[in-house]
Amino acid sequence: MKTETDISPGLLIRTLSDKEILMKTVLLNVNPHEIRMAVMEEGRLTDFETERPGQDGLMNRIYKGVVKNIVPQIQGIFVDIGIGQNAFLRMSDLPRGRKEPLSEGVSLLVQVIREGTATKGPCVTGAVSFPGRYAVVLTDTDYIGISKQIRAEEKRRSLREMGRRLCPPGTGLILRTAAGDAGQTELEQELRKLTALRETVLRRARLARAPSLLYREGDLIVRTLRDYISGEEDRIIVDEREAWQRLREIASGDTAGQTPDILLYEEEEPLLEKWNAEEQIRNLFDRQVSLPSGGTVVFDHTEALTAVDVNSGSFHKKGIDQADMAFLTNREAAGEIARQIRMRGIGGMILIDFIDMESTARKKQIVDILKKETARDRVKTVVCGMTSLGLVEMTRKRTAHQLWYNQYDMCPFCGGRGRALSPYSVQLSIERKLRDMKRRRGGTGPLLIQCHPDVRALLEEPGEHRLLETLCGRSIRTEDGTGRDRTVYTFLMDTAQN
């Protein structure tokens, strides 16, 4: 049983009950240098986000930009939004109701829909939107959309009628899944707030000089309440008092009558450790993920796509044939792949190599499982069918950076390849350089070679040392270099032998 000490309205969790473990719980670990948000369902990590000061990204920011270049060949427009890199706007993403002719130097209202990289600027759209907990307000359209998860026809009809009644002309609306359980008062309150925000941004756009930033989203604390709480049974546990107080104020102001439980955690044991989330978070950075049956899923990233490989590994269940083993492993892997892609923030083209199966029906089952699991994703994901070789192609809209982007730097020695030249390869490179020096007659004095200790050990072998001196016709001495990169070596005049 759970025992609680009342720190009204906070909570000290002594022992987690079975009910607590099974219910959806959002954990917020807050400190001055980082905010981490973990969603736990049935004891498993299902969503994870992290945010650091200065790394909040550009997603959903709204800018008044200046058209710098129009390229009809690629149906694209490059827009200066004042960040040092031009943003890319597809012509198909221009506002439908725009009447003014487009030319270089014209001002344009745009919203970031995909983060940039070191070599490419962010991707933007002219279809500006304002997301809330229950709805997304659109500009330059009269479209009213309802989440497919709201299936009751009467509910869909009443929501659509309410949207038409509350939206001003030229304003569209998408009602999210959470709107199905919300009361009319809460929905109307949020819609009025979002339409007022829209008018404020449009007014700023008329007055501001381009390029300029007009609007930025709230931080991870605000987005947690908006995006990850869908009902009264959900709850948030936060380990920092100021963040807890702030969440309560936002929740009471935005969701009158439907405030979720927002609890303060004040135990000595770290919050994410208490809920067994810390180890699951660490596993998100592993290349290989283990499956309960003994199989594995391996993730490899390239510039063009993410490749996912499913292996049977040490499959635990004995006495079944290869076909059943392949199906059971693939079935298990499909759900795990969808979960990992979501938590790791993987976007773009994804190619999954499942274990080969001959049965067409079973192939369809695996694809259906993958589609069902990816339907939980807040980011648009499209799953294609399975080929005869067991390959599934899927795409996931690129929004923010992948999880590892803010956690790791590229290796300065291998350039991100994950491989470095072997000592023997570097030794052969040194031999080629010495041959070239002798051919060019580059000096006759003693030579000092500074190199990595692993390379030096090979060069110091008696037969190899004699070969080096023969190759260049000079006496040679070696010493350890100062760097850790074994591919770096230096030739110097050996003044110690003079």
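Worth saying up front: this structure is predicted, and the values here are computed from it rather than measured.

### Quick notes on the sheet that holds strand β17 (residues 261-264)
Piece 1. Within the open sheet, the five strands sit side by side as β5-β4-β3-β16-β17. Their pairing is mixed. Two strands in the sheet have a free side with no partner beyond their single neighbour: β5 (44-51) and β17. Adjacent strand axes in the sheet meet at a mean angle of 20° when their direction is disregarded.
Piece 2. Across seven bridges, strand β3 (residues 25-31) lies against strand β4 (residues 34-41) in antiparallel orientation. Bridge assignment links Thr25 to a residue of β4, and that residue is Met40.
Piece 3. Contacts from helix α4 (residues 220-227) reach β3, β4, β5 and β16 (235-238), with the element oriented near 145° to β5.

### Here we look at the packing of helix α8 (residues 322-344) against helix α9 (residues 360-374)
Piece 1. Relative to each other, α8 and α9 sit at 20°, their axes nearing to 9 Å. Classified by the angle their axes make, α8 and α9 are roughly parallel. Handedness of the α8/α9 crossing: right-handed. Along the contact surface, α8 presents Ala323, Asp324, Phe327, Asn330, Arg331, Ala334, Gly335, Ala338 and Arg342, while α9 presents Arg362, Gln365, Ile366, Ile369, Leu370, Glu373 and Thr374.
Piece 2. Looking at the contact of α8 with α9 residue by residue, the classes come out as seven nonpolar, four polar and five charged.

### Looking at helix α2 (residues 153-166)
Every α-helical turn comprises 3.6 residues, leaving residues that sit three or four positions apart pointing alike.
Piece 1. Here α2 is 14 residues long and its end C-alpha atoms lie 20 Å apart, about the 20 Å a rise of 1.5 Å per residue gives.
Piece 2. Arg156, Leu159, Met162, Gly163 and Leu166 are the residues of α2 that are buried. Relative to the axis of α2, the buried residues are bounded by an arc of 130° and lie together on one face. What points out from α2, more than 90 degrees from its buried face, is the exposed set Glu153, Glu154 and Arg164.

### Things to note about the nonpolar core
Piece 1. Counting 26 residues, the largest nonpolar core has Ile337, Ile352, Phe354, Leu370 and Val392 as the members making the most contacts within it.
Piece 2. If you list the elements that add at least two residues to this core, you get β19 (296-301), β20 (305-311), α8, β21 (348-353), α9, β22 (381-386) and β23 (391-396).
Piece 3. Top contributing element to this core by residue count: α8, with seven residues.
Piece 4. For Val392, the residues in contact, after removing those within four places along its chain, are Ile350, Leu351, Ile352, Phe354, Val367, Leu370, Val383, Cys384, Gly385 and Met386.
Piece 5. Residues Ile144, Cys167, Ala178 and Leu214 belong to the second largest nonpolar core, which totals 25 residues.

### A closer look at the confidence of the model for the protein chain
The predicted coordinates should not be examined in detail at positions where pLDDT is low.
Piece 1. On average, residues of the protein chain score 84 in pLDDT, and 90% of them reach the 70 mark or higher.
Piece 2. Ranking the elements of the protein chain by mean pLDDT puts strand β1 (residues 4-7) last with 38 and strand β7 (residues 76-80) first with 94.
Piece 3. Counting contacts from residues 1-10, a segment whose pLDDT is below 50, to residues more than four positions away or on other chains yields 19 contacts.

### What to know about the pattern of salt bridges
Piece 1. Per the stated rule, a full pass over the model turns up 28 salt bridges.
Piece 2. The salt bridge involving Lys364 is made with Asp368; its shortest N-O contact spans 2.9 Å. Of this pair, Lys364 and Asp368 both sit in helix α9, four residues apart, which is roughly one turn of that helix.
Piece 3. A relative accessible area of 35% means that Asp368 is categorised as partly exposed.
Piece 4. The partner of Asp436 in a salt bridge is Arg439, with the nearest N and O atoms 2.6 Å apart. Here Asp436 pairs with Arg439, and both are found in helix α10 (residues 423-440), just three residues apart, close to one helical turn.
Piece 5. The exposure class of Arg439 is exposed, given its relative accessible area of 58%.
Piece 6. Several salt bridges share partner residues, and in doing so they unite Glu49, Glu51, Arg176, Glu217, Arg223, Arg226, Asp227 and Arg378 into one network.

Calculation criteria
- Residues numbered from 1 in each chain as written.
- Predicted model: local features only at pLDDT ≥ 70, side-chain atom pairs only at ≥ 80, totals over all residues.
- Heavy atoms only, no water.
- Pairing = 2+ DSSP bridges.
- Helix = DSSP H or I, 4+ residues; strand = E, 2+ residues; numbered from the N terminus.
- Axes fitted to C-alpha atoms, helices over the stretch in contact; angles between N-to-C directions.
- Contact = heavy atoms within 4.5 Å.
- Parallel < 35°, antiparallel > 145°, perpendicular 65-115°, else oblique.
- Left-handed = near helix turned anticlockwise from the far one by under 90°.
- Nonpolar A, V, L, I, M, F, W, Y, C, P; charged D, E, K, R; others polar.
- Expected span 1.5 Å × (residues − 1).
- Buried < 20%, exposed > 50% of the residue type's maximum accessible area, 1.4 Å probe, protein only.
- Arc of directions from axis to C-beta.
- Core = buried A, V, L, I, M, F, W, Y, C linked by side-chain atoms within 4.5 Å.
- pLDDT = per-residue confidence, 0-100.
- Salt bridge = Lys/Arg side-chain N within 4 Å of Asp/Glu carboxyl O.

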